[in-house]
Amino acid sequence: MIHIYHRTQDQKHQQQNEQQQSKQQQQQTHAETQLNSAPAATFTHALEGQSWQKSLAATAEHIQKLVTDLGIPADFLTDALDLDERPRIEQQGACTLLMIHVPYNKAEVVHHYDEVKYRTIPFAIILTPQHIVTVCTQDQLFHPEMLSQSSNGQNAALFNLSAPLLILQKTAEHYQKLVQELEAAIVAAEDELSRSYRNQELYALLYLNESLLYVTTSLKQLLQVIGSDDFKDLLVINAEEQERYAQTVIELEQVYAVAEINQLNLNNVMDAYGNIIQNNVSHVVKLLTAVTIVLSIPTLIASVYGMNVPLPYQEADHAFSVIIIAMLLSSGVVAYYFHKKRYF
């Protein structure tokens, strides 16, 4: 999804935008080549006022139109559609790209043992003199009305700079909810695994651990980006924005610490359950071996006296009863020995 928020343009920014037009047009060919293989998405384009007008498919033709009309560098848009992009901040002329990662829940994954349900995907915030553009390959987590409502009472320049903080605050909230969901899923998987040792529970823990790896890696890189001097240069230097920035950093650091602790704990749990399962398998094998040995003694005696050849005491009275008692006694002695050795 690509959403474009239109704001009032001042004269200085308009001149900067016009200077960038010729440079951006040279990048259209490069954009078409990359976008032909880009994931499907849609964008919303606002040309009048502070509203969201319509949605179109993000084809190469439409993206090139954005490059021409809005003066956005082509690689900003193509990079935003690349799932392998990492969080960073980059500036080209009057346009600034802030690439972050946001949590994504794959709704089509019903069970945690099927595949990785929670992961992170790139989310680009592009700031231009005229627009605030957000780009993501999946449905956006941030409703456009959030920006419209937040802009009330702010002039265009101030709002353009505070928009990244608004989105980062929402991102921190989504990360907190995701970590809570992961904690609940881990507890449920551990509880199920304590009662059964099926592969499904082990796969669930494995995929949940992979989700935590996505979260911790993305949060670590995101904290590095927002802590850089380039990012701080985007902020308005006033008490309100500084407080919002500090609060956002604290929330992200807290979520990162909790996610890291959960990942470490889950690694320990998986190692512990792996050892427990291996120990249980060894115990079962040892038990079956002991039972086999105990049962092999009467089997051997019965096999000997079942042969069609002359055997000692075969004509004696009560020979059958004596043989049965001998088999039971010998098996009992061996079983008692194994019990003392705690094989049973």
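Residues numbered from 1 in each chain as written. Predicted model: local features only at pLDDT ≥ 70, side-chain atom pairs only at ≥ 80, totals over all residues. Heavy atoms only, no water.

Participant: Give a description of the UniProt feature "transmembrane region" (unreviewed entry) in the protein chain that names residues and reports values.
Facilitator: Mapped onto this numbering, the UniProt entry gives "transmembrane region" (unreviewed entry) at residues 287-307 and 319-338. Each end of residues 287-307 is marked by a C-alpha atom, and these two atoms are 31 Å apart; helix forms 90% of the span and strand 0%. As a span, residues 319-338 carries 100% helix and 0% strand, and end to end its C-alpha atoms are 29 Å apart. (UniProt positions renumbered as here; feature names shortened; annotations may be inferred. Helix = DSSP H or I, 4+ residues; strand = E, 2+ residues; numbered from the N terminus.)

Participant: Please provide a residue-by-residue account of the pattern of salt bridges, values included.
Facilitator: Taken as a whole, this structure holds five salt bridges when the rule is applied. Asp 79 is paired through a salt bridge with Arg 88; the nearest N and O atoms lie 2.9 Å apart. Between Lys 106 and Glu 115 there is a salt bridge, with the nearest N and O atoms lying 3.1 Å from each other. Here the salt bridges share partners, and the residues they tie into one network are Asp 79, Glu 85, Arg 88 and Glu 90. (Salt bridge = Lys/Arg side-chain N within 4 Å of Asp/Glu carboxyl O.)

Participant: An account of helix H10 (residues 319-340) is needed here, citing residue identities and associated values.
Facilitator: Under the 1.5 Å per step criterion, the end-to-end length of H10 is 32 Å for 22 residues, consistent within 8% with the ideal 32 Å. What H10 keeps buried is the set Ala 319, Ile 323, Met 327, Ser 331, Val 334 and Phe 338. In a view along the axis of H10, the buried residues occupy a sector of 95°, so they form one face of it. In this structure, H10 carries Val 322, Ile 325, Leu 328, Leu 329, Val 333, Tyr 336 and Lys 340 as exposed residues pointing more than 90 degrees from its buried face. (Expected span 1.5 Å × (residues − 1). Buried < 20%, exposed > 50% of the residue type's maximum accessible area, 1.4 Å probe, protein only. Arc of directions from axis to C-beta.)

Participant: Break down the pairing of strand E7 (residues 131-136) for me, citing the residues and quoting the values.
Facilitator: Of all six residues making up E7, six are buried, and the element is well covered by its neighbours. Alternating positions in E7 separate into two faces, His 131, Val 133 and Val 135 on one and Ile 132, Thr 134 and Cys 136 on the other, with burial throughout. Pairing of strand E6 (residues 118-127) with E7, which is carried by five bridges, proceeds in the antiparallel orientation. Paired with Leu 127 across the bridge in E7 is Ile 132. In this antiparallel pair of consecutive strands, E6 and E7, the connection spans three residues. (Pairing = 2+ DSSP bridges.)

Participant: Quick rundown of the environment of Pro 73? Include the residues and the values.
Facilitator: The topology assignment puts Pro 73 in the loop between helix H3 (60-70) and helix H4 (74-80). Spatially, the C-alpha atoms of Pro 73 and Leu 97 are 9.5 Å apart, while their sequence positions differ by 24 residues.

Participant: Requested: an account of the environment of Met 327, with residues and values cited.
Facilitator: With respect to the helices and strands, the residue Met 327 is situated in helix H10. Here Met 327 falls in the buried class, since its relative accessible area comes to 11%. Each C-alpha atom of the pair Met 327 and Ile 297 lies 6.9 Å from the other, and the pair is 30 residues apart in sequence.

Participant: Tell me about the packing of helix H9 (residues 239-305) against H10, and name the residues and values.
Facilitator: Interaxial distance between H9 and H10 falls to 9 Å at its minimum, and their mutual angle equals 160°. With respect to H10, the axis of H9 lies roughly antiparallel. The handedness of the crossing between H9 and H10 is right-handed. Residue-level inspection shows Ala 290, Ile 293, Val 294, Ile 297, Pro 298, Ile 301, Ala 302 and Tyr 305 of H9 in contact with H10, the latter providing Ile 323, Met 327, Ser 330, Ser 331, Val 334, Ala 335 and Phe 338. A per-class count over the contact of H9 with H10 returns 13 nonpolar, two polar and no charged. (Axes fitted to C-alpha atoms, helices over the stretch in contact; angles between N-to-C directions. Parallel < 35°, antiparallel > 145°, perpendicular 65-115°, else oblique. Left-handed = near helix turned anticlockwise from the far one by under 90°. Contact = heavy atoms within 4.5 Å. Nonpolar A, V, L, I, M, F, W, Y, C, P; charged D, E, K, R; others polar.)

Participant: Let's hear about the packing of helix H7 (residues 199-226) against H9: which residues, and what values?
Facilitator: One can describe the packing of H7 onto H9 by two numbers: an axis separation of 9 Å at closest approach and a directional angle of 150°. As summarised for this structure, H7 and H9 are arranged roughly antiparallel, according to the angle between their axes. As for the relative orientation of H7 and H9, their crossing is left-handed in sense. When its residues are assigned to classes, the contact of H7 with H9 shows 20 nonpolar, five polar and three charged.

Participant: Run through the nonpolar core, naming residues and quoting values.
Facilitator: Formed by 46 residues in total, the largest nonpolar core has its most connected members in Ile 100, Ile 125, Val 215, Ile 226, Phe 231 and Leu 252. Put simply, the parts of the chain that give this core at least two residues each are strand E5 (95-105), E6, E7, helix H6 (156-195), H7 and H9. At 13 residues, the largest contribution of residues to this core is made by H6. Excluding residues that lie within four positions of it along the chain, Ile 125 makes contacts with Thr 96, Leu 97, Leu 98, Ile 100, Ile 132, Val 133, Pro 164 and Ile 167. Within the second largest apolar cluster, 17 residues are counted, among which are Leu 77, Leu 81, Cys 95 and Val 133. (Core = buried A, V, L, I, M, F, W, Y, C linked by side-chain atoms within 4.5 Å.)

Participant: Before we move on, could you go through the packing of aromatic side chains and cite the residues and values that matter?
Facilitator: Enumeration over the complete set of coordinates arrives at three aromatic pairs. An angle of 20° between the planes, with centres 6.2 Å apart, marks the rings of Tyr 203 and Tyr 207 as stacked. Of this pair, Tyr 203 and Tyr 207 both sit in helix H7, four residues apart, which is roughly one turn of that helix. (Phe/Tyr/Trp six-rings, centres within 6.5 Å; stacked < 30°, edge-to-face > 60°.)

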